[in-house]
Every structure is written in C-alpha cells, then in structure tokens.
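Coordinate inspection notes
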Amino acid sequence: MLGDALLFQLGYNASLVTLGALLLGVAAGVAGTFLFLRKRALVSDAISHATLPGVGLAFIVMVALGGDGRSLPGLLFGAALSAGAGLLCVQWLSRRTRLGEDAAIGAVLSVFFGFGIVLLTIVQTMNAGRQAGLEGFLLGSTAGMLRDEALLLAVSAGLVLALVMLLRRPLTLAAFDPGFSEVTGWRPGWIDLAMMGIVLLVTVVGLKVVGLILIVALLIVPPVTARFWTERVDVVVITAGVLGGLAGYLGAAISATAPALPTGPIVVLVSFALFGLSLLCAPGRGVLASVLRHQRYQRRVHVRQGLLALASGQPIYERLTHRLLRRAGLIRADGVATTAGQAAAAKAQLDETRWALVRADQTFATAAARYDGLTAIEDVLTPDQITDVDSRLSRPQAVS
Amino acid sequence: MSVALVSDAAGAADRAARTASPLSVRGLTVSYGETPALFSVDVTVRAGAMTAIVGPNGAGKSTMLKAALGVIKPLAGSVAVFGQPLAKMRDAIAYVPQRASVDWNFPTRVIDVVLMGLYRDLGLLGRVRAKHRARAMACLDRVGMTDFATRQIGQLSGGQQQRVFLARALAQEADIYLLDEPFAGVDAATEKAIIAVLKDLRDAGRTVLAVHHDLTTVPAYFDDVILLNREVVAAGPVDEVFTEALLQTTYGGRLETARIQAETVAG
Amino acid sequence: MMGAEFVALSLPPILIGICVAVACALPGNFLLLRGQALIGDAISHVVLPGIVVAFLVTGLVATGPMLLGAAGAAVVAVIAIEAIRRLGRIEAGAAMGVVFTAMFAGGVLLLEQSDTSNVHLDVEHALFGNLESLIWLDATGWASLLDPVALAGMPVELPRMALALGVVAVFVWLFWRPLAMMSFDEGFAQGLGLRTGALGLALVIISAVAAVAAFDAVGSIIVIAMFICPPAAARMMTNRLGAQVAWSVGFAALSAVSGYVLAGYGPLWIGASASVSAAGMIATMSGLILAVAAVLGPHRTRNS
C-alpha cells in the first residue's frame, strides 16, 4: 500500500496531492532557508494564521455575490490578501512602535486568528455555510479533494518552486551579505519583499495540504535541519529543499494509505523525524559529536594546565587535572611528576615560551591568531621558523 | 517551589578575617565552544587599589569579570573573594555591566534602577522606606544625577546612563567594584566624574577592578594593571608593567590600532 | 427578569473571561519585556498533545489528568526549545517553531488515531473553546450568589480559573523585584547571586499554569492573544513597570467584557440571529485595543 503510494499508484487525485506536497516541500524548504538565515523564521507563523479571516471573508463575499463560496481559487485569493495585511501589521508594529518583532508576530497571529474564528462562526450560521468545510483550512484536508483542486495545488506548487529557483541567487546573496547585494544592484528592501512574497505564496498554496497551524513547520524545520549538516549557505538552501521535498513526498504518501492519517501532521512529523536524526547524529553540530568534542577539549585544557603547573613547580589543585595526568602516567599519586611527565611539562613550557615570542612579533601575525593555549607550535610554524624563534630566546628555558 | 534567590550573607566574623586578597583567580579557563576566551589565568588583585584590565578586542576582558562574578561557568579554575569561595561572599562585590548589555527602553525610572542596588537590604517584599530612598538619592548625588531621579532611563544620554549604573553599584556598598568598560561612549565630563568617584572609593579602602580600553589614560587613572590576551601577559603596578615592550607582547601587531581606536573613542 | 437571565447565562462566562485574560496578561508583561513574547504561543500550541496524551493514558476526560498532561507538555516543550537552542546553536524563534509544530502535529495525529468520538475532545475545541456554554443553570438572580445550593451548581471552570489567577498573581507579587531586575539587566541580577535561569523557568511554568487552566474554558487562541496584546498595548501607555502591569490588567479585563458582550449581543444589534465565537471576539477586541494604543498611546515609540 505504501509502496503504491510512493510510486504514485493510488489514483489520479492522490498522486497529484503527493506530487504537489513534494513540490511544495521543496519550495517551502528553500524559501524558509532565507527566513531562517535572517532570523525571522516565526514571521511565517504570523502570515499563516493571518490567512484565516481572508478565507472567511472570501466565502462570505462570494456567497453575497451569488456564487458558491467554496471555490478554492477564491478562498486562496482571500487568504493571500489577509495574510498580506497581517504581514504589513507585523512590519508596522515592529518598525513604528517600541514593540519587538516577536511581540508584533504574536499580536498579529492571535488577533487575526481570533477574528478569523469569529468569521467562521458567522459562516456556519449562513445557509450556504453549513457544508462549507472551511475548518479544513485549519489542519489541511486532502482526503476529499476535487480533481480541479488537486490540479490547482500541484500546478501552483510547481509555479512557486519555479519562482523560488528564479530568485534563488539574489536571495542567497541577501541572506549571506546584505551589503554586498546592495552593491550588485538589488535593494535589500526589494529582496525582503520578494522573500516575504514567496513565503506568503507557499503558505497559501499549502493551506489545503497542511493547514494554517502547521504550515510554518514546512518553512522552519527543513532549514533548521539542513543547518546541522553544513556551514555553507548555498548548501543549506539545497539541503533544505531536498529535506522539505522528502518530507512532503513521504508524508503525503504515508497519509494516502489510511484514512486516519491526516496529511499535514504526517508531513510535519516526517520532517521532525529528519530533524531529530540530524540533531543527534550530524557530524559537526550534532549533539553527540558536540558532547564528545567538548569532553575531549576540556581534558586537553586540564592536561595542558596541569603540565604548565608542573613546569613551574606549582601544586595541582583540581581533581580532574590530577586524575587525567595520573591516568596518562605523567604524575604519581602524590602529584610528583614522573619522567614522562617532566618531559611533557618541559615541552609545554617551551611551547608557551615560543608562543609568547610569536605573539609579540608582528611578522607572525597570522600564526599568532591561531593561538589558543593548546595548539603545539609545530602545527603552526615551519621547522625553519621555529629555529628562527628559538634563536631569539635569550636564554633557553631549563625546566626541571 | 523554593527558589533561593540570594546566597547567604557572609557573617561578621568573615569580614573581620579578610586578610586575603579581595579577589584572586586561579587557573581560570573559560571557553565559548572550542574557542578559549581565557586560558589558565592567575590573578591576585591588590586590596585598596584601582586595577585596570587591558588588552586587545577578544582578549577575554569582560569574560574575566563575568567569571569572577560567577556569571559564566569556567571550564577549569576557581575564584576566591577574601580567601573565601565566591558563593559565600557575593555581597562583597558590586558590578557595573557594559551599558550596551541592557534594554534602555525598559519601563523604569532612574531612582528605581539605583534602588536595585539595595536588593540585599530590601529582599523580595521589603517596603522601600524613606531611608532607602535617601540612600539611593545620596548615591545619585555622588555621580551628580539627583536632578534626573524621576526620569525614564531611555531619556538619558550615554554618559548619564553610565552614571546611573555607577550609582546603583555605589548603593550596594560593596568592598570590590567590578566595572566593564565604564568609560565606553561617555562624554568627557562623565569620565571625569566617574574617575573621581572611583578614586574616592579607593581612598576609602575599597578595591576597584575595571576593564579599560583607552591606553593613554591608564597611568593617570589606575594603580595596577593586568595585561590580558587570553592569558595574563603581565600584572602589577602600572609603572612596572605598563611598558612599551609588554604592551607590544599583549597587543602584538594590533598595538597601533588599539591606540588610534582609543583616541577616536575618547576624542 | 433581565437580572436572572444575566446572572445565569452571562455572568459566569464574563467572570471566567476576565480571570483568563488577567491571569495571562500578568506574566505576559514580563515575557514581553524579556523578549519571550512567543513562548505563550508555543505553550498554547502544546496544550493539545498534553491533553490527548493524558486522555490516552487515563481513558478519562477528567480535569485533573488533563491539567497535568497539559502542564507536562508545556514543560517538555520549554525544555526541548532550550535544548535545541543551546545544543544545536539554533535561534530561539526557529527552535520554538520546530518544537511546537511537531508537538501539535503529534497531538492531532494521536487524536485521529484514537477513538475519541464519544468524548468531547477535538482540535477545534482546544483552539477556541466554548466560553458561551459555561452557564449557571441554578442561578435565579443576583441572590443566588449568596445561596450555597445554587453556588454548588456554578460552572466548575470559574473557581478553577479564579484559583489559577490567584496562583499567578501571588507569584508575580512575590517575585516582582527579581523579575523586574532580571528582565532589565540579567547580568547585574546574576552578579547579585539571583538564579535567573531558575526564575526564568518559573515564569514560563507559571505562564503554562495560566494557559492550561484557561484552555478548557476558552481555547488556546484567546490565551495567546492575552499573553501579548494587553501587555503590548500597556507598553505604549506608560514608562513605569507598575503602571504598565496595571494598564495591562485593565486592558485584559476590558477585552474580556467587551468581547463577550459583542459576541453575544452584537449580531442581535445588527439584526442577525445567532451569536459569534466569544473567544474569537475577545481576541479581536484585544487587537483593536492594541491598535488604538499603537496609534495614540503617549509612549508608543522607542525612547518616548
């Protein structure tokens, strides 16, 4: 069953939904990366919650004009308009008043959502509204989707993705270096506008699939996940797109296999599973790697400090230092250095002396910048340079 | 839920037995991630003296103050205040953070900020009485800010904000004053006023330790100096330690830049 | 008699609404000043998985387990956010977005998977509650407020919410000084030996208490609005912390009363028959108050 879903074998509608979720996931992952890199991830939360009053108003207006009210393009158009209004409110509150952007986001999302709920209760009392199914916009509902709607979803997801790809370069530049993008002729204001426009489109297209409460996950989780695997902006963009697409595709396919597996939550949970895996296991920034590295580093610091203390004949105060030196066979139980310990202490002392010279000398400025109290001088300077440094040591450090 | 907010005040006996250095730091190593900010720092601050911490950007000057206050957890090393563990002696220390580290838009008045310095006396629920107000006003008077007592803090100039911070530290009536860049971005009149207050403190037997960036004023303002560049390069009386050679070692190629920067900031 | 109808149908919801609004606005002031305004948003989203898990574990739709489940979920969320922020070196907003969406999605999925058709437990209820249904059938008029028999039939949400408000108010009163100090200058507070980490967590837990007690009566949307809008509006009115908190309490109560009245009677005034969502209307009113304060408030801009 899942195999069929993954291979687009579950009927025309389900396949379109799966394809749409895949395209949407890629678009959202890429677009979300720019938001994330600009530290404005939660602006998308305000945008998505602000779609609700637009959906309600669009329905009411369409019914008042004698239409059906349930026309998906009309509802999405309304959603886009009110999401845009919400975005403007966030911008205005955070620029023109003393409120920070976080407070502006919270205020806009709760008030717009609250007003949207008011409108939904009005819709429910309308004769045409009994079967409106607007609640589907809260958590997404792809199960009973009409063929036209599925097609609209897939096509618009593809268009959004194309737009993101088109604007990828200036957006990457802006996220990486706002000053540089200005030099190249792209005004940051316009780029911000383009970025928010894309986020808004992703949100509106995703409303029917994931719902307005969870759509932010598509924009936030893949970039955060991608960030664990690389330090390079362009790689983050691509990785986030792949992760987002994967979550959309897998999520939609899994959800198509059973009725009690709503698309939105499944997509979000797949995305989160990828995140959790990365948080734990990513090589550079992952938790396991970090913990191991920190422990190793702390031990190096303690050993080094212990050796320097030995070299200058000071007692070792800290228990961890003592234990580490003891285990390495550098000191005896009573804290006195062994032969190996004496040699290591002398080496550490010599390193420090050489470093002091290197750091005082402007000609070694690049090398001096690598000083961290731990790196051996041999790792930074060539043997010739070390000879040069040693020749300046007025009296060689004799360490007992 | 028991949230013990203030550690025990040190007993009178402890105060009497303060023969050890007001502040001594041993083997202090602090790192942010894998970058060491301070490495194996040993420092003993002389009682009743004004000591400057001097060094290039990123030398760990502010980190050293924060570690001495116990605000940052060190990777290794320990801090002793009058020979006692820091936790027992917190009330002996007053702290003036960097002005840029707080939100000056915060809804509070000058006098309320100074009253924060009396937290130990007031406790959680103690009423602010006339004597507390008088003490706070006296501290404002010492920095020349009595006229601004009911002003909103956001309406003050940089120099005035720094004076308010100093008044709050004075209200703590501590033995040791730790100041982080007290002269950064302040006007000349404020700089003069602050240094006068600090010298008064020293003459009253208190210990002052300040992060300082202006090399030209070090000899005039301070008695001792600690040259810091992740490690202590040298520490001691200004006329012994504040030498061209040692400064060169501390700043490396950045000495000239440091001088020019200091002048532009000060001028 | 108008009085009897009012006491039975409108007085309990209005009082509950005021308690909810004030209980959220009080800690909201400090969250706002600490730049943690969106913690309220995160907390209210994770209430749903909390109650669903509590239901699945106990099999009961009872208040006790649900409150515990929701409070537990809030604590888990806050710890997870902090852990992701520190361990992954991820910006707080993004960490929040990851955690609350995942937990909310988990809650929805669990709800769909489990058989809750015969119990009153659904997503929409968690989102916007049902304030209008909290009526006091035993009341026959104002005198019922003094009648022990009638009082026993009062909606249980009212004393529960009043208790939550009491807990929140006592916390804010007791820790006013450290909260203010920590919000203004965390470094100085730490230098004094204040455990700012513990106090910050306590503030979040207290906010969770308010949110959790409120969700059953009014749903989470009103909770987010009350955490942020009244304190934000109050921020534009004054430069004194005490005055700000007082304004925020006033704005919160005003939103609750005006929102409830408009939701219940507003449609009648314009000739419509049915009422609209009270929770939604209260959130809307708090937004309108914020809008007015942002345009006209004497201290609406920075450094004013």
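Residues numbered from 1 in each chain as written. Chains lettered and ligands numbered in written order. Predicted model: local features only at pLDDT ≥ 70, side-chain atom pairs only at ≥ 80, totals over all residues.

**Quick notes on the overall build of chain C**
This is how it is decided: Strands are runs of DSSP state E lasting at least 2 residues, helices are runs of H or I lasting at least 4, and numbering of each runs from the N terminus. Atoms counted for the radius of gyration: C-alpha only. Globule rule: 2.2 Å times the number of residues to the power 0.38. Put plainly, a residue is buried at 20 or more neighbouring C-beta atoms within 10 Å of its own, exposed at 12 or fewer, and partly exposed in between, counting only other residues' C-beta atoms, which are placed from the backbone. We call two residues in contact when their backbone-placed C-beta atoms lie within 7 Å.
Helix and strand content of chain C: 13 helices and 0 strands. Seen in sequence order, chain C has helices and strands lined up from the N terminus as α-α-α-α-α-α-α-α-α-α-α-α-α. Relative to a compact globule of 304 residues, whose C-alpha radius of gyration would be 19 Å, chain C shows 20 Å and is just as compact. Projected onto its principal axes, the C-alpha positions of chain C cover 60 × 50 × 40 Å. With 304 residues in all, chain C has 59% of them scored as buried. Nonlocal contacts in chain C, meaning residues at least 24 apart in sequence, comprise 74% of its contacts between residues at least 6 apart.

**Side note on the sheet that holds strand E2 (residues 35-45) of chain B**
Residues and elements named next belong to chain B. Note the threshold: Pairing between two strands is assigned when DSSP locates at least 2 bridges connecting them.
Spatially, E2-E1-E4-E5 is the arrangement adopted by the 4 strands of the open sheet, whose pairing is antiparallel. With partners counted over all chains shown, the strands left at the sheet margins are E2 and strand E5 (84-85), one partner each. Here 2 bridges tie strand E4 (residues 76-81) to E5, and the two strands are oriented antiparallel to one another. Each residue of the ladder has a partner; that of Val81, found in E5, is Gln84.

**Observations regarding the interface of chain B and chain C**
Often, the extent of an interface is quoted as the loss of accessible area upon association of its parts. To keep things clear, this is the line we draw: Under this grouping Gly is polar, as are all residues other than the nonpolar Ala, Val, Leu, Ile, Met, Phe, Trp, Tyr, Cys and Pro and the charged Asp, Glu, Lys and Arg.
Listed per partner, the contact involves 27 residues of chain B and 26 residues of chain C. Of all the secondary-structure elements, those providing two or more residues to the side of chain B that touches chain C are strand E6 (93-96) and helix H4 (119-122) of chain B. For the side of chain B that touches chain C, the residue count by class is 17 nonpolar, 7 polar and 3 charged.

**Some details on the interface of chain A and chain C**
At the junction of the two partners, chain A supplies 49 residues and chain C supplies 53 residues. Mapped onto the side of chain A that touches chain C, the elements with two or more residues apiece are helix H6 (101-125), helix H12 (215-227), helix H14 (263-281) and helix H15 (287-311) of chain A. Ranked by residues supplied to the side of chain A that touches chain C, first place goes to H6 of chain A with 16 residues. Considered class by class, the residues forming the side of chain A that touches chain C number 34 nonpolar, 8 polar and 7 charged.

**Things to note about the sheet that holds E6 of chain B**
Residue and element names in this part refer to chain B. Just so we agree on the cut-off: Whenever a helix is involved, its axis is fitted only over the stretch in contact; in every case the axis is a line through C-alpha atoms, and angles between N-to-C directions fall within 0 to 180 degrees.
Reading across from one edge, E6-E7-E8-E3-E9-E10 is the order of the 6 strands in this open sheet, with mixed pairing throughout. Each edge of the sheet is formed by a strand with only one pairing partner; in this case those strands are E6 and strand E10 (231-237). When strand polarity is set aside, the average angle formed by the axes of neighbouring strands in this sheet is 15°. Helix-sheet contacts for helix H7 (residues 188-203) involve strand E3 (50-54), strand E7 (176-180) and strand E8 (207-211), and the interaxial angle to E8 is about 145°.

**Some points on the packing of helix H2 (residues 12-37) of chain A against helix H13 (residues 233-256) of chain A**
All names here are of chain A. Rules: The scheme is simple: roughly parallel for angles under 35 degrees, roughly antiparallel for over 145, roughly perpendicular for 65 to 115, oblique for anything else. Here is the rule for handedness: rotate from the far helix to the near one, and if that takes an anticlockwise turn smaller than a right angle the crossing is left-handed, while a clockwise turn gives right-handed.
Between H2 and H13, the least distance of the axes is 7 Å, while the angle of their chain directions is 150°. Here H2 lies roughly antiparallel to H13, going by the angle between them. In this structure, H2 meets H13 at a crossing whose hand is right-handed.

**Some words on the nonpolar core**
So the rule is basically this: Remark: nonpolar core denotes a set of buried Ala, Val, Leu, Ile, Met, Phe, Trp, Tyr and Cys residues whose joining runs through C-beta atoms within 7 Å.
Within the largest apolar cluster, 324 residues are counted, with the highest numbers of intra-cluster contacts made by Ala27 of chain A together with Val20 and Ala214 of chain C. Top element by residues in this core is helix H1 (residues 2-33) of chain C. It accounts for 18 residues. When residues no more than four places from it in sequence are discounted, the contact partners of Val20 of chain C are Met161, Ala214, Ala217, Val218, Ile222 and Met226 of chain C. Counting residues in hydrophobic clusters, the runner-up holds 14 residues, among them Leu310, Ile316, Leu330 and Ala345 of chain A.

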